[in-house]
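Here is how the chains run, residue by residue.
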Amino acid sequence: MTHPRNVALFIGAFVTLVTSLLLYFFSVIPAVKHWQILLLVLFIASTGSCYILLSMTLYKQLDDISNLLRPYKKKEPNPEHNEYINTTDPIVRIRKELSDFAVQKQREIEELKKLETFRREFLADVSHELKTPLFAAQGFVHTLMEGAMDDIKVRDRFLQKAAYSLDGLNILVEDLITISQLEIGEIKMHFQSFDIRKLTEDIFEQLEDAAEKRGTRLKFNKYAPKSCYIYADKLRIGQVVTNLIVNAVKYGKDNGTVIFSYVIEGDSVLISVKDDGPGIEETHLNRIFERFYRVEKSRSKDQGGSGLGLSIVKHILEAHDSKITVSSKINEGTEFQFRLKKGKVINEKG
Ligand SMILES: Nc1ncnc2c1ncn2[C@@H]1O[C@H](COP(=O)(O)OP(=O)(O)OP(=O)(O)O)[C@@H](O)[C@H]1O
Ligand SMILES: [Mg+2]
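Since the model is a prediction, treat every value here as computed from it, not as a measurement. (Residues numbered from 1 in each chain as written. Chains lettered and ligands numbered in written order. Predicted model: local features only at pLDDT ≥ 70, side-chain atom pairs only at ≥ 80, totals over all residues. Heavy atoms only, no water.)

1. So, helix H7 (residues 196–206)
For step 1, the next point in the chain: Those residues of H7 lying buried are Ile196, Arg197, Leu199, Thr200, Ile203 and Phe204. Around the axis of H7, the buried residues are gathered within 160° of arc, so they sit on the same side. Opposite the buried face of H7, at more than 90 degrees from it, the exposed residues are Glu205 and Gln206.
For step 2, the next point in the chain: Sitting at the amino-terminal end of H7 is Asp195, which places a side-chain oxygen 3.0 Å from the backbone nitrogen of Arg197. (Buried < 20%, exposed > 50% of the residue type's maximum accessible area, 1.4 Å probe, protein only. Helix = DSSP H or I, 4+ residues; strand = E, 2+ residues; numbered from the N terminus. Arc of directions from axis to C-beta. Polar contact = N/O pair within 3.5 Å; in protein donor to acceptor, adjacent residues only side chain to side chain.)

The structure is reproduced here in structure tokens:
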């Protein structure tokens with residue numbers, strides 16, 4: 001309806017009607033021989049000039065506004081968008097374009113607000129996490145300087161504690177660097193085929209002492225085949241499996257069992273780490289992969305966690321085009337699962 005052609009037709013008809021009424025009123029029409037031609041010419045002239053005027057002024061301005069919006073238009077095809085982009089009515093088009101633009105900008109503002117909150121929280125978390133071990137180490141060094149150094153026993157104990165705090169700080173900084181490198185894609189994955197069972201056996205061995213302290217048994221699923229080749233970055237997947245098993249031992253129950261499973265399903269292998277610990281409440285489940293997120297801040301702090309482990313796990317698996325999932329039942333246990341590509345069997349003896 002608001003197309004310039006329709007508007008011009010409407011104005012043309014209106015002008016012709018008013019003029020013919022006036023001419024009739026002043027008795028001009030009956031006096032003119034071919035008054036119909038006169039009215040037709042009047043209609044064509046007024047419609048034509050109106051159309052040209054509208055196209056050159058108002059609609060030209062609207063087109064300019066539409067062109068200004070062009071760089072901000074969404075790239076992805078949107079059927080609703082196409083519906084009006086094809087319309088020749090400039091007012092309909094610009095109205096839809098403007099509403100689309102407003103929705104898009106609103107979304108961007110919300111996204112930016114979220115990022116800003118995230119950035120603020122992240123900065124607060126990092127400073128807090130860095131401050132704790134740094135403060136502890138600083139305290140020990142100052143106490144030593146203030147005289148505790150003279151007593152050899154006290155000196156050794158304090159130096160050991162300071163070293164422990166600084167080691168923790170080092171792990172934290174390394175974890176943070178790993179996460180940021182994974183996020184910006186700076187760490188390239190080195191894909192190769194390797195036996196996941198063999199890798200996990202080595203990890204079980206490394207974690208034997210920690211598991212023994214809690215009386216935890218580390219086991220393979222009894223149906224798991226004797227070997228299973230996957231195609232992935234061996235070092236990084238080692239990190240994933242270690243993080244998950246360490247968590248299962250740390251947050252599992254005393255004298256519990258941790259079961260590592262892998263099942264070949266078509267072209268992929270489904271891997272899982274399951275414990276029979278106290279489990280994680282539903283409300284925390286989808287947050288545990290966030291940086292610095294700990295379910296029970298005080299409890300996991302006692303156990304030395306900074307809440308970065310699962311975030312690293314998630315990033316590593318994303319770099320493998322995979323996703324980690326978790327399921328948990330209170331007082332029954334927690335299971336983490338992920339899928340990796342099946343690898344080529346390598347004869348390692350040869
Ligand atoms: N198997 C599990 N059972 C119960 N809770 C768990 C389990 N695994 C993780 N969690 C909870 O999820 C939180 C986040 O785990 P994550 O590994 O990211 O951090 P962390 O272990 O506290 O620290 P980090 O791994 O950096 O040393 C933990 O603090 C813990 O509360
Ligand atoms: Mg952890």
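2. Structural notes on the nonpolar core
For step 1, the next point in the chain: Ile196, Ile237, Ile245 and Phe260 are the most contacted members of the largest nonpolar core, which has 50 residues in total.
For step 2, the next point in the chain: The dominant element in this core, judged by the number of residues it contributes, is helix H9 (residues 234–251), at seven residues.
For step 3, the next point in the chain: There are two domains that each give this core at least three residues, and those are domain 2 (117–183) and domain 3 (192–342).
For step 4, the next point in the chain: The residues contacting Phe260, other than those within four sequence positions of it, are Ile196, Thr200, Phe204, Lys219, Phe220, Asn221, Val241, Ile245, Ile271, Ser272 and Val273. (Core = buried A, V, L, I, M, F, W, Y, C linked by side-chain atoms within 4.5 Å. Domains from an automatic or database assignment. Contact = heavy atoms within 4.5 Å.)

3. Observations concerning the pattern of salt bridges
For step 1, the next point in the chain: Under the counting rule described, the total for this entry stands at 14 salt bridges.
For step 2, the next point in the chain: Measuring nitrogen to oxygen at the nearest pair gives 3.3 Å for the salt bridge that ties Arg119 to Glu116. Of this pair, Arg119 and Glu116 are both found in helix H5 (residues 90–145), three residues apart, which corresponds to roughly one turn of the helix.
For step 3, the next point in the chain: Residue classification places Arg119 among the partly exposed residues on the basis of a relative accessible area of 45%.
For step 4, the next point in the chain: The partner of Arg294 in a salt bridge is Glu129, and the shortest N-O contact between them spans 3.3 Å. One end of the pair, Arg294, is in the loop between helix H10 (282–285) and helix H11 (297–302); the other, Glu129, is in helix H5, and 165 residues separate them in sequence.
For step 5, the next point in the chain: According to the relative accessible area criterion, Glu129 is buried, its value standing at 6%.
For step 6, the next point in the chain: Three or more residues joined by partner-sharing salt bridges are found here, namely Asp63, Arg93 and Glu97. (Salt bridge = Lys/Arg side-chain N within 4 Å of Asp/Glu carboxyl O.)

4. Observations concerning the domain arrangement of the protein chain
For step 1, the next point in the chain: Its domain assignment divides the protein chain into domain 1 (4–106), domain 2 (117–183) and domain 3 (192–342).
For step 2, the next point in the chain: Relative placement of domain 2 and domain 3: their C-alpha centres are 27 Å apart.
For step 3, the next point in the chain: Both sides of the domain 2 and domain 3 interface together cover about 1200 Å² of buried area, and 69% of this is carbon and sulfur.
For step 4, the next point in the chain: The three residues of domain 2 that bury the most area against domain 3 are Glu129, Ile179 and Leu182, which together make up 43% of that side's buried surface.
For step 5, the next point in the chain: In this structure, the connection of domain 2 to domain 3 is made through two salt bridges.
For step 6, the next point in the chain: Put simply, domain 2 and domain 3 have two residue pairs in polar contact (both at pLDDT 80 or more) between them.
For step 7, the next point in the chain: Elements supplying a minimum of two residues to the side of domain 2 that touches domain 3: H5 and helix H6 (152–183).
For step 8, the next point in the chain: A total of seven residues in the side of domain 2 that touches domain 3 trace back to one element, the largest contributor, which is H6. (Buried area = accessible area lost by both parts, 1.4 Å probe.)

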